[in-house]
Amino acid sequence: MIDQHRQAFKEEAYELLAELESSLLELEERPDDQDLIGRVFRAMHTIKGSGSMFGFDDIASFTHEVETIFDMVRNGKLQVTGRLVNLTLAARDQIRAMLDAADSGEATDLQASAEIIVGLRELAGFQGQVAAAAPKEEVHEAKKDQVTYRIRFAPAREIFVSGTNPLTLIAELRELGACTVVAQTAGFPCLEEMNPESCYVYWDVILTTDQGENAIRDVFIFVEDDCELKIEPIAEHNRYEEQQDYKRLGEILVERGDISSEDMKAVLSQQRRFGELAISQGILHEGKVQAALAEQQHIKEVRQEKQVAEASSSIRVPAERLDLLVNLVGEMVTVQARLSQTAAQRADGELMAIAEEVERLTAELRDSALNIRMLPIGSTFSKFKRLVRDLSVELGKQIEMTTEGAETELDKTVIEKLNDPLVHLIRNSIDHGIELPEARVAAGKPERGTVHLSAVHSGDSVLITIADDGAGLDKEAIRTKGIERGIIPAGAELSEKELFNLIFAPGFSTAKTISSVSGRGVGMDVVKRAIEALRGSIDITSVRGEGTRITVKIPLTLAIIESLLVKIGNDSFMMPLALVDECVELTREDVAAAHGRNLAHVRDQLVPYIPLREHFAIPGAPPEIEQIVITQVNGVRVGFVVDHVIGEHQTVIKSLGRAYKDTEGISGATILGDGTVALILDIPQLVQAAEAAQE
Amino acid sequence: MAKVIMTADDSASVRQMVTFTLKQGGYEVVEAVDGKDALQKLAGTKVDMLITDLNMPNLDGIGLIKGARALPSCKFIPIVMLTTESQESKKQEGKAAGATGWIVKPFKPEQLMAVVKKVLG
Amino acid sequence: MEESTFECRQDPAHPGTRVLKVAGEVSIGVAGEFKGALVGALAGGSEVQVDVSALTAIDLTGLQLLCAAHHSAGTAGKEFHITDGGNPTFRDMATSAGFRRHTGCAYDRACSCIWVGGDN
């Protein structure tokens, strides 16, 4: 294809050279004929221009020299002489030779070219060697970071007369990257006064691109002189900056020069939304505020996209390696604790300084190691969408699942272990919660039911909520069933919460018919157990006729917990701090006053307690004054009696190994700073066991 | 319906290259060998864009641009001129005459298409 | 290029309402004509509906005129609406030109901005 163009050029060039020859010969006779001079110039110009187009660079650069001379002749700066005609004829022959050589592959006589050019230059009155054409430098710009620019493009009124369509330029901008365009129409005249062939609009554009500012300027290259163009970088997107919130509306407007900072302060002194206020006071017109709002929105979107992009540009690492890393960090934390302890005992200032430094580094290392294991819960959420779809088809219900907080991160292990309980809860919502379409319509609800799944961070926990807009729990049905099943005595006075909690009791079902989805009466107790195994808790609220909301609270990570270190005799135990409410003393008198019932008076409230020394059959006598650590599990306060409370401790959880896997009341172990082992108490299970024993 | 672009150039090889490139890009092309030829054809055919060389016999590019802008059908169409680096002043002259933009010779087919897209959308 | 047509008629159901049906390609070549049609429609009634459902293209001059007509109608205490019948071409063009927005402009006291929303 290119050869075809080259061939066309060569044919054309031969023709032009033949014409050039006759023109030059005529010119020798009529040296003042402007028309002839023009023809010679155009022949050279075309050979040069077309030659460079089709890759005849040597011909193009050589012809350029001759063209320059004839440009001077054309402008009357140089006279046509016999010598000029001779040299030009020689140049013409040289070009012909170069054209011939292009086919045969022979090298052209560069010396001859140089001599002709030197001769021509002498004629023109400028000396100088013929420099070899310097190779064109190709400037490769390094791949740049994404930068967001604020662009104001105000075309001239008469822009259309130059054949420019500003909209194609806007479209071209959009191709550079994420782009938010706001047309400003505030300067419009009324219809009668508008010249339909003039341009009144101008644009505020926010563009995020990695192409650099020059690429933006290139878009407007033809209209530079016919418009007002302002390009300013407003944000570079690297990961450190992203943490902050983007500029406030007022700041953007002041930066843009749309409003003075005095005016802004005056407006801000009143407690209303800035944008509305500024417009209502006539300081700003609406379009400007619109543009600033668009800027905020744009930055937000770009950042989100960037996060997604970052997430996808990740490295895959086998999970075991991460587990190993976390394990090592765990040991590191333990050793660090020992170091701090030793340093404190030695009272060695220098050592203590080092220990402090190590403590700080270890904490950072621990946090980032745990962070690596964090995954967004979103992938699990999307699996549920399929589940909801399939189940609703099976049950003849119309259900839409909405999700929120898919980006919420949780420890990988936690996410995996959460899957089954969540599936169960969602199944339950679909089966028992959402009504059949007819029933929904009869109840004045939309045919289509909704199951809303959301995840949100709350302190060191994540709250996962499954909310449906179904029938809600039927308290009376639960009570009846509870009595039927012998879970509660007839006539028992139960709070709403207690009633709802019954559905987590083993073997409970309120569905009228048994479907394949749920209703086999197993499951909810298993769910509760699974959540508790993750050191989480489960909470249920429901309004009859409006829906049910189940909230699962899960700690962020399983690897490390904040806990309270307590001692019984020589043995150390850990209690998860999240479950601990308070500590009170228990004297011998208190015990005697309770007459063998394990109940303590705490601020006029009776709190049952479990004497752990007895529970674990630890030999030896308790101290005069024991301590009760009062915990709260699912709203129920239960105390645990220990000898001493040592204090808070950061606990790296080690599993107990297969042999002790089923040990009740103990969920794991940890190694203390002095190297001794402490067992981690499984508080919910201990409470459950105690309740069971009482019944 | 395909848009129609006129190429006015006295160099047959450039016309051929421009025509070939534009046709590949899905445009219809009308060729003119110089300014005079172009103006005559413009009076009879409706074109959506004009690409013109500046140095042409009979009527040069500047003259063609001025003549085209005087035609009602060409008042607002994009007109792109082909120039060489040595013609900075010509560029200004062309803009003053009503040119929308320019392409510097030598250019590659991709560059031509980029400019066509820029001005024609 | 498709021809553009501007047809103005009285809405038989609503006296005082002029319906301006705009069809085909509205470009700068017909901007003067379009302006004339809008001025005429506004002069002829207290409410103007511009029906762009059969519009196949609109350029910047057309969008500007619609905006200015809305402005003028507001000043004269008249009502001005656009019905696009879901015409995607019209919507796309207005959106890509940056005309669509969330709230009306400063002249828009009656919250009737022609670019807001767009479902009617």
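Being a predicted model, the structure only gives us computed values, none of them experimental. (Residues numbered from 1 in each chain as written. Chains lettered and ligands numbered in written order. Predicted model: local features only at pLDDT ≥ 70, side-chain atom pairs only at ≥ 80, totals over all residues. Heavy atoms only, no water.)

(A) Layout of the environment of glutamate 93 of chain B. Take glutamate 93 of chain B: it is sitting in helix H4 (residues 88–97). The spatial distance from the C-alpha of glutamate 93 of chain B to the C-alpha of isoleucine 62 of chain B is 7.3 Å, given a sequence separation of 31 residues. (Helix = DSSP H or I, 4+ residues; strand = E, 2+ residues; numbered from the N terminus.)

(B) Looking closely at unusual backbone geometry. The omega torsion across lysine 105 of chain B and proline 106 of chain B is 0°, close enough to zero to call that bond cis. Among the structural elements, proline 106 of chain B can be located in the loop between strand S5 (101–105) and helix H5 (109–120). Phi at aspartate 604 of chain A takes a positive value of approximately 65°, unusual for a residue other than glycine. Relative to the helices and strands, aspartate 604 of chain A resides in the loop between strand S15 (599–602) and strand S16 (605–611). Owing to a relative accessible area of 78%, aspartate 604 of chain A belongs among the exposed residues under this scheme. We note that asparagine 58 of chain B has phi near 70°; this positive angle belongs to a residue other than glycine. Topologically, asparagine 58 of chain B is positioned in the loop between strand S3 (49–53) and helix H3 (61–70). (Buried < 20%, exposed > 50% of the residue type's maximum accessible area, 1.4 Å probe, protein only.)

(C) Main features of the packing of helix H14 (residues 378–395) of chain A against helix H15 (residues 412–433) of chain A. Residue and element names in this part refer to chain A. For the pair H14 and H15, the least separation of the axes is 10 Å and the interaxial angle reads 30°. Considering their axes alone, H14 and H15 lie roughly parallel with respect to each other. Between H14 and H15 lies a crossing whose hand is right-handed. Counting all contacts with H14, which are made through Thr380, Lys383, Phe384, Leu387, Val388, Leu391 and Leu395, the residues of H15 involved are Ile415, Asn419, Leu422, Val423, Ile426, Arg427, Ile430 and Asp431. Residues of the contact of H14 with H15, tallied by class, amount to 10 nonpolar, 2 polar and 3 charged. (Axes fitted to C-alpha atoms, helices over the stretch in contact; angles between N-to-C directions. Parallel < 35°, antiparallel > 145°, perpendicular 65-115°, else oblique. Left-handed = near helix turned anticlockwise from the far one by under 90°. Contact = heavy atoms within 4.5 Å. Nonpolar A, V, L, I, M, F, W, Y, C, P; charged D, E, K, R; others polar.)

(D) The packing of aromatic side chains, seen in detail. Enumeration over the complete set of coordinates arrives at 8 aromatic pairs over all chains. Centroid distance phenylalanine 153 of chain A to phenylalanine 220 of chain A: 4.6 Å. Interplanar angle 50°. Geometry classified as tilted. Highlighted residues: phenylalanine 153 of chain A in strand S1 (residues 147–155) and phenylalanine 220 of chain A in the loop between helix H7 (213–219) and strand S4 (227–236), separated in sequence by 67 residues. Across the pair, exposure class does not vary: phenylalanine 153 of chain A and phenylalanine 220 of chain A are buried alike. Here the aromatic rings of phenylalanine 6 of chain C and phenylalanine 34 of chain C are separated by 5.2 Å at their centres, their planes lie at 15°, and the arrangement is stacked. Here phenylalanine 6 of chain C is found in strand S1 (residues 5–10), whereas its partner phenylalanine 34 of chain C is found in helix H1 (residues 31–43), with 28 residues between them in sequence. You'll find phenylalanine 6 of chain C and phenylalanine 34 of chain C in the same group, each marked buried. What links up through ring pairs into an aromatic cluster is the set Phe9, Phe54 and Phe56 of chain A. Across from the ring centre of phenylalanine 56 of chain A, 4.2 Å away, lies the NZ or CZ of arginine 6 of chain A, which sits over that ring. One residue, arginine 74 of chain A, lies across the ring of phenylalanine 41 of chain A, its end atom 3.8 Å from the ring centre. (Phe/Tyr/Trp six-rings, centres within 6.5 Å; stacked < 30°, edge-to-face > 60°. Lys NZ or Arg CZ within 6 Å of the ring centre and 35° of its normal.)

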